[in-house]
Amino acid sequence: MCGGGGEGGGKKLWFKGRLEDVNQGLSMLVYRGEQDFFGTDRIDFRVVDDEDVSLVSEISVPVVVRAVNDSPRWEAPVFPVVCGEDELCVIGGVGIVDPDAGEGVFDVEVSVDSGTVNLNGLEVPSGVDFFEGGDGEGDR
Ligand SMILES: [Ca+2]
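These notes cover the structure that comes with them. (Residues numbered from 1 in each chain as written. Predicted model: local features only at pLDDT ≥ 70, side-chain atom pairs only at ≥ 80, totals over all residues.)

1. Looking at the environment of F106
At step 1: With respect to the helices and strands, F106 occurs in the segment after β6 (95–97).
At step 2: With 9 C-beta atoms packed within 10 Å, F106 lands in the exposed category. (Helix = DSSP H or I, 4+ residues; strand = E, 2+ residues; numbered from the N terminus. Buried ≥ 20, exposed ≤ 12 C-beta atoms within 10 Å, placed from the backbone.)

2. Focus: the pairing of strand β4 (residues 52–65)
At step 1: With 0 of 14 residues buried, β4 is to be regarded as a mostly surface element.
At step 2: Here strand β3 (residues 39–49) runs beside β4; their pairing, made up of 11 bridges, is antiparallel. Paired with G39 across the two strands is V65, which belongs to β4.
At step 3: Two successive antiparallel strands, β3 and β4, enclose a turn made up of 2 residues, where D50 displays a positive phi of approximately 55°. (Pairing = 2+ DSSP bridges.)

3. What to know about unusual backbone geometry
Among all residues save glycine, negative phi is the norm, and among peptide bonds the norm is trans.
At step 1: A positive phi is found at D36, a non-glycine position, where the angle reads about 70°.
At step 2: Residue position: D36 is located in the loop between α1 (19–26) and β3.
At step 3: For D36, a count of 10 C-beta atoms within 10 Å puts it in the exposed group.
At step 4: Positive phi outside glycine occurs at D50, with the angle close to 55°.
At step 5: Assignment of secondary structure puts D50 in the loop between β3 and β4.
At step 6: Residue D50 is classed as exposed on the basis of its C-beta count, with 6 C-beta atoms lying within 10 Å.

As far as function goes, none of this settles anything; it's purely spatial.
Okay, structure coming up:
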C-alpha cells in the first residue's frame, strides 16, 4: 500500500493495494474529531477498481461525536514575575481557559510560600464567593 496523509493522520487518506491489504488497513481506521469539536461528522469512502473510474463505489458513514466536559487549564506568564522587596506586585496575565465553561462554577485555589496573596484593588465580581478556608479579611 502507499498513500497520503498516512501515519500522523489527515483530512484525507489515499492509498492503494491488493484487496486484503487495503481491507487490513481499513480495519485499523481511526477517527479523531478536531480539538473541542462535537456534533455530527461524516467519513466519506471511495474505491476505484484498478484505476478504471467507471468501476467506482462510494459510501458515507456518519460519526456522532459526543460532547465531554473539558478540563480547565491555566494561562499564566511564562517568565518569573519580578517584584521589589516589601512591595505589592500585581500579577497580570493569569487566567483560566475552559472551552465549555458555560454556567459552570470553578473552584479556584491560589497559594504562596513566602508571602500573601489577595485580590486587592480589584472589583470582585458578584459571582465570586470566597471559601471558609481562605485567610478571609485580605482576600478581596
Ligand atoms: Ca469544562
